[in-house]
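Residues per chain are reported as follows:
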Amino acid sequence: MSQKKVALECTKCGARNYTITANPQRQERLELRKFCKHCGEYTIHRESK
């Protein structure tokens, strides 16, 4: 199965801090709670296009 690289974007400041590999067959966008170095706190990071 092929994997696709996606960028995770902070919902608070909009910085793209993380890139991960994810299955392209999924229907929903990823949402993970990660540390944002620009905000200085843990925030929700969503998959961006």
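Reading the values: rules and limits
- Residues numbered from 1 in each chain as written.
- Predicted model: local features only at pLDDT ≥ 70, side-chain atom pairs only at ≥ 80, totals over all residues.
- Heavy atoms only, no water.
- Helix = DSSP H or I, 4+ residues; strand = E, 2+ residues; numbered from the N terminus.
- Buried < 20%, exposed > 50% of the residue type's maximum accessible area, 1.4 Å probe, protein only.
- Contact = heavy atoms within 4.5 Å.
- Areas by Shrake-Rupley, 256 points an atom, 1.4 Å probe, with all protein chains shown as cover.
- Lys, Arg positive; Asp, Glu negative; His and termini not counted.
- Charge placed at Lys NZ, Arg CZ, Asp CG, Glu CD.

Engineer: I tried to follow the overall build of the protein on my own but got confused; where do I start?
Structural biologist: The secondary structure content of the protein amounts to 0 helices and 4 strands. C-alpha extents for the protein along the principal axes are approximately 35 × 15 × 15 Å. The 49 residues of the protein split such that 22% are buried. Residue pairs at least 24 apart in sequence account for 32% of intrachain contacts in the protein once pairs closer than 6 positions are excluded. Total accessible area on the protein stands at roughly 3,900 Å², and carbon and sulfur atoms take up 45% of it. Treating the 11 positive side-chain charges of the protein as one cloud and the 5 negative ones as another, the clouds have centres 5 Å apart.

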